[in-house]
Amino acid sequence: TYKYVEGNMEKDYPRPMQETYNAALEAAKRLNLKVTATKYSPTQSNIEALTQDGTKVKVDLMARPNGITTVKIRFGLMGNQEWSAYYHRQIMNILRIPDQP
């Protein structure tokens, strides 16, 4: 399930940081986002990108116990729930995690 709070859409993935981070980068490519900055660490990582129309996209990843990674996605200043959910679905697809209704 997704949690949408203050423009950020958050989801926990049952995968370690490296695998989830790589999937988030791959998802950005699939969405034709221009990655402008990346920072990777085993505990906390982030990706910054731009959409075709110049909207800023921010992806924050945080490692949790037991190989779980929390991913927060935000499109633009106020957030865009539909685009954030679409980005999450791309990550799930790459990680081969089934999308629950």
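Further up the page is the structure itself.
Just so it is clear, the model here is predicted, and its values are computed rather than measured.

Participant: What exactly am I supposed to notice about helix α2 (residues 81-94) here?
Facilitator: Residue pairs three or four apart in sequence face the same way in an α-helix, which turns once every 3.6 residues. The end-to-end C-alpha distance of α2 is 20 Å, a good match for the 20 Å that 14 residues give at a rise of 1.5 Å each. Along α2, the positions that sit buried rather than exposed are Ser84, Ala85, Tyr87, His88, Gln90, Ile91, Met92 and Ile94. Looking at the packing, one finds that the buried side of α2 touches β2 (8-13), α1 (17-30), β5 (56-64) and β6 (68-75). For α2, the capping residue at the N-terminal end is Asn80, with a side-chain oxygen 3.1 Å from the backbone nitrogen of Glu82. Backbone geometry just after α2 places Arg96 at a positive phi near 60°.

Participant: I'm lost on the pattern of salt bridges in this one. Help?
Facilitator: Pairs can form between side chains of opposite charge once their charged atoms are near each other. Considering all chains together, one arrives at five salt bridges under this definition. Of the charged contacts, one joins Lys3 and Glu10 as a salt bridge, the two residues approaching to 3.5 Å between their closest N and O atoms. Note that Glu10 is salt-bridged to Lys72, the shortest N-O span being 4.0 Å. Here Lys72 lies in strand β6 and Glu10 lies in strand β2, a separation of 62 residues in the sequence.

Participant: Sorry, what's going on with unusual backbone geometry here?
Facilitator: When glycine is set aside, most residues are seen to have a negative phi, and most peptide bonds are trans. Phi at Glu6 takes a positive value of approximately 50°, unusual for a residue other than glycine. Inspection of the secondary structure assignment puts Glu6 in the loop between β1 (3-5) and β2. A residue is classified by how much of its surface remains accessible, and Glu6, at 70% relative accessible area, is exposed. Positive phi values are uncommon outside glycine, yet Asn32 reaches one of about 55°.

Definitions and limits used
- Residues numbered from 1 in each chain as written.
- Predicted model: local features only at pLDDT ≥ 70, side-chain atom pairs only at ≥ 80, totals over all residues.
- Heavy atoms only, no water.
- Helix = DSSP H or I, 4+ residues; strand = E, 2+ residues; numbered from the N terminus.
- Expected span 1.5 Å × (residues − 1).
- Buried < 20%, exposed > 50% of the residue type's maximum accessible area, 1.4 Å probe, protein only.
- Contact = heavy atoms within 4.5 Å.
- Polar contact = N/O pair within 3.5 Å; in protein donor to acceptor, adjacent residues only side chain to side chain.
- Salt bridge = Lys/Arg side-chain N within 4 Å of Asp/Glu carboxyl O.

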